[in-house]
Amino acid sequence: MLISDSREIPSIAEGASIAEAIKKMLENDSFVLQVINNAEEPVGWLHGLDILRTFVKEPGMNRIMESGIRVFIKPIAEEDYLEEEAGLSAICLWAEKREHNPPYFLTRKGKSGIFTTYGLLRVALEERDRERELRKESEVQLATLRHSQEELEMALGNLIVDPKVVARLKSIPEYRDEYDSATGKIKITGIIKEGVYRHVINILRLLTELFMKGLKAVDGISREILVQTSIYHDVGKVQPHLEVGDMVDPKEAFEPGQYHAFRSASLARKVYQLERSIVYLIQYHHHPDGELPSDFPRSLLPMHRLFRLLDGLSAGITRRGSRISLAVRGAIVQVREESAHPIYNRCLELDLHSGRVEVKPLEQRVETNY
């Protein structure tokens, strides 16, 4: 318990003098004293600043008040500095080294301040809540993966995928992160080994669910083409080497998605000799409708729109432990996404033929047929 780690406040009798109170504070390095009665029962508390204010108001103290403060100044020492991105553990170690000195700090970037008990307690509670959230997210992702992993891996094996492709997908990690809107940077909170392989598996799972709910009846949709696109769409992806705790600018650390899309398409065509429609879908899976080239086949638009949707939903499952509910109504795909990160919560409708997208808050449930 946090309360067990708190510091005991020294006590003083309610009839004590100010001199005795100051002496008690100095002896115990405490600005606060608990006031007790003759039965040693607490009846109140005393703050050193209130005593200081009394001295300031006394006329006889004017001469002392006009004296310079130079004799009281403590020069800045190396131990006063603290890293800009220091977490609670680092702050605690830093405070221990300072022993009885006040929690005054500076950073190399010029920021300075003093830690308060309230502030440190708030940080501790926030870190505890984040840890619980990440633990819950991991458990949910294991409700999702363990249940279907063996079945999906067997299905992937039945597709006669080149073992080298599977090994390549398993070699590419994905990362969990937290976004800091103030700096535009992200903090790496987890490393997902075999991340892209899990991402592909999750796309195939979503695709299978949609076909079971009637997607196969939609014109312009080919299951075989979408399965092959899912397997090979990220085979050319390259990820930076990052560690948990790293703070990075995502625009600098990660290459634009269109780069690996073009590399993957080149491999799909030259190495794996996939058909032209699959290569098109892979090459432009990071292009929205409005950025597609004029020669992009219009017949592929329904599958292009669907695959872009599935690619994003799978990223949410893989990286954030999102829970996805799907429904099919004619050529309209309905999605309900619930994430550990509320900003991703949404209800979405996508018309595969027209490209119309409607997004609603999670509370406004879209109509479903299941």
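Every residue gets a number counted from 1 within its own chain, in the order that chain's sequence is written. Thresholds applied to this predicted model are a pLDDT of at least 70 for local features of residues and 80 or more for the giving and counting of side-chain atom pairs; totals over whole chains, interfaces and linings are not thresholded and use all residues. The basis for every side-chain value is the complete set of non-hydrogen atoms in the structure, without hydrogens or water.

Chemist: How do you make sense of the overall build of the protein when you look at a structure like this?
Modeler: For the protein, the helix and strand inventory stands at 12 helices and 12 strands. Throughout, a contact is declared for two residues whenever any of their heavy atoms are within 4.5 Å. Excluding contacts between residues fewer than 6 apart, the proportion of contacts in the protein whose partners are at least 24 apart in sequence is 54%. For the protein, the exposed surface amounts to about 23,000 Å²; the carbon and sulfur share of it is 53%. Under the scheme used here, helices are H or I runs from DSSP no shorter than 4 residues and strands are E runs no shorter than 2 residues, and both carry numbers assigned from the N terminus. To measure how exposed things are, a 1.4 Å probe is used in the Shrake-Rupley method; for residues, cover is taken only from the protein chains shown.

Chemist: Just to check I follow, could you spell out the pairing of strand E9 (residues 323-329) for this structure?
Modeler: Side-chain direction in a regular strand flips from residue to residue, so the side chains alternate between the two faces of the sheet. For two strands to pair, DSSP has to find at least two bridges joining them. Relative to strand E10 (residues 332-338), E9 runs antiparallel, the two sharing 7 bridges. Bridge assignment links Arg323 to a residue of E10, and that residue is Glu338. In sequence, E9 turns back onto E10 through a hairpin of 2 residues, with Gly330 there showing a positive phi of about 65°.

Chemist: Just to check I follow, could you spell out the confidence of the model for the protein for this structure?
Modeler: Low-pLDDT portions of the prediction should not be read for the details of their coordinates. Of all residues in the protein, 81% have pLDDT values of 70 or greater, and the mean over the chain is 82. pLDDT expresses, on a scale from 0 to 100, how confident the predictor is about each individual residue. Ranking the elements of the protein by mean pLDDT puts helix H3 (residues 62-65) last with 62 and helix H11 (residues 276-283) first with 97. The low-confidence segment residues 1-6, where pLDDT is below 50, has 2 contacts with residues more than four positions distant or belonging to other chains. Contacts from residues 364-370, a stretch scored under 50 in pLDDT, to residues over four places away or in other chains number 19 contacts.

Chemist: Could you clarify how one ought to interpret the pairing of strand E12 (residues 357-360) in this entry?
Modeler: Two elements, strand E11 (residues 346-351) and E12, share 4 bridges in a ladder whose sense is antiparallel. What sits directly across from Glu349, in E12, is Glu358. Where E11 folds back onto E12 in an antiparallel hairpin, the turn is made up of 5 residues, including Gly355, whose phi is positive at roughly 85°.

Chemist: Could you clarify how one ought to interpret the pattern of salt bridges in this entry?
Modeler: Between side chains of opposite charge, pairing is possible as soon as their charged atoms come close. Between Lys or Arg on one side and Asp or Glu on the other, a salt bridge is scored when a side-chain nitrogen of the former is within 4 Å of a carboxyl oxygen of the latter. Per the counting criterion, the structure on display carries 11 salt bridges. Among the ionic pairs, Glu358 bridges to Arg356, the shortest N-O distance being 3.4 Å. Partly exposed describes any residue whose relative accessible area lies between the buried limit of under 20% and the exposed limit of over 50%, with all areas from a 1.4 Å probe on protein chains only and scaled to the type maximum. The exposure class assigned to Glu358 is partly exposed, which follows from its relative accessible area of 32%. Residue classification places Arg356 among the partly exposed residues on the basis of a relative accessible area of 36%. A salt bridge links Glu358 to Lys360; the shortest N-O distance between them is 3.8 Å.

Chemist: Would you mind going over the sheet that holds E10 with me for this structure?
Modeler: Within a sheet, adjacent strands bond to each other through the backbone by hydrogen bonds, running parallel or antiparallel. Read from one edge to the other, the open sheet built from 4 strands follows the order E9-E10-E11-E12, with strand pairing classed as antiparallel. Unpaired on one side and paired on the other, E9 and E12 mark the two borders of the sheet. On average, adjacent strands in this sheet sit at an angle of 15° to one another, irrespective of strand direction. The strands touched by helix H7 (residues 195-212) are E9 and E10; relative to E9, the strand with the most contacts, the crossing angle is about 35°. Packed onto the sheet, helix H12 (residues 301-320) meets E9, E10 and E11 and runs at close to 15° relative to E10. Note on geometry: axes are C-alpha line fits, over the in-contact stretch for helices, and angles between N-to-C directions span 0 to 180 degrees.

Chemist: Please clarify how the nonpolar core should be interpreted in this entry.
Modeler: Soluble globular proteins: nonpolar side chains tend toward being buried together. Residues Leu215, Ile221 and Leu306 are the most contacted members of the largest nonpolar core, which totals 51 residues. A per-element tally of this core places H7 first, with 10 residues. Leaving out residues up to four positions away in the same chain, Ile221 has contacts with Phe211, Leu215, Leu226, Pro302, Met303, Leu306 and Leu352. Counting residues in each nonpolar core, the second largest holds 6 residues, with Ala21, Met25, Leu33 and Ile51 among its members. Put simply, buried Ala, Val, Leu, Ile, Met, Phe, Trp, Tyr and Cys residues joined by side-chain atoms within 4.5 Å make one nonpolar core.

Chemist: Would you take a moment to explain the side chain of His287 for this structure?
Modeler: Within the secondary structure layout, His287 lies in the loop between H11 and H12. Those residues in contact with His287, other than ones at most four positions away along the chain, are Gln258, Phe262, Leu292, His304 and Arg308.

Chemist: Would you mind going over the packing of helix H8 (residues 223-232) against H12 with me for this structure?
Modeler: Helix-helix packing: each pair is described by the crossing angle between the helix axes and the interaxial distance. Contact geometry for H8 and H12: axes closest at 11 Å, N-to-C directions at 40°. On the basis of their axis angle, the class for H8 and H12 is oblique. Relative to H12, H8 is oriented so that their crossing is right-handed. Side by side, H8 and H12 meet where Ile225, Leu226, Thr229 and Ser230 of the first sit next to Met303, Leu306 and Phe307 of the second. Only Asp, Glu, Lys and Arg are considered charged in this grouping, and only Ala, Val, Leu, Ile, Met, Phe, Trp, Tyr, Cys and Pro are considered nonpolar; every other residue, Gly among them, is considered polar. Grouping the constituent residues of the contact of H8 with H12 by class yields 5 nonpolar, 2 polar and no charged. For classification, angles of less than 35 degrees are called roughly parallel, those exceeding 145 degrees roughly antiparallel, those between 65 and 115 degrees roughly perpendicular, and all remaining angles oblique. Whether a crossing is left-handed or right-handed is set by the direction in which the near helix is turned from the far one by less than a right angle, anticlockwise for left-handed and clockwise for right-handed.

Chemist: How should H12 be read in this particular structure?
Modeler: Taking 1.5 Å per residue, 20 residues should reach 28 Å; H12 reaches 28 Å between its end C-alpha atoms and fits that length. In terms of burial, H12 is largely enclosed, as 16 of its 20 residues are buried. Gly321, located one to two residues past H12, shows a positive phi value of around 65°. Multiplying 1.5 Å by the helix residue count minus one yields the expected span of that helix.

Chemist: Honestly, the environment of Leu46 in this entry has me stumped. Any pointers?
Modeler: Among the secondary structure elements, Leu46 is positioned in strand E3 (residues 42-47). We classify Leu46 as partly exposed; its relative accessible area is 25%. Separated by 34 residues in the primary sequence, Leu46 and Ile12 have C-alpha atoms spaced 9.1 Å apart. Those residues in contact with Leu46 that lie beyond four places of it in its chain are Ala21, Met25, Phe31, Val32, Leu33, Val35 and Ile51.

Chemist: What is the right way to read the sheet that holds strand E8 (residues 247-248) from this model?
Modeler: Taken in spatial order, the 3 strands of this open sheet run E6-E7-E8, and their pairing is antiparallel. Each end of this open sheet is capped by a strand with a single partner; those strands are strand E6 (174-180) and E8. The sheet contact formed by strand E7 (residues 185-192) and E8 spans 2 bridges and is antiparallel. Within E8, the residue paired with Ile186 across the bridge is Val248. Strands E6 and E7 of the sheet are contacted by H12, whose axis makes an angle of about 90° with E6.

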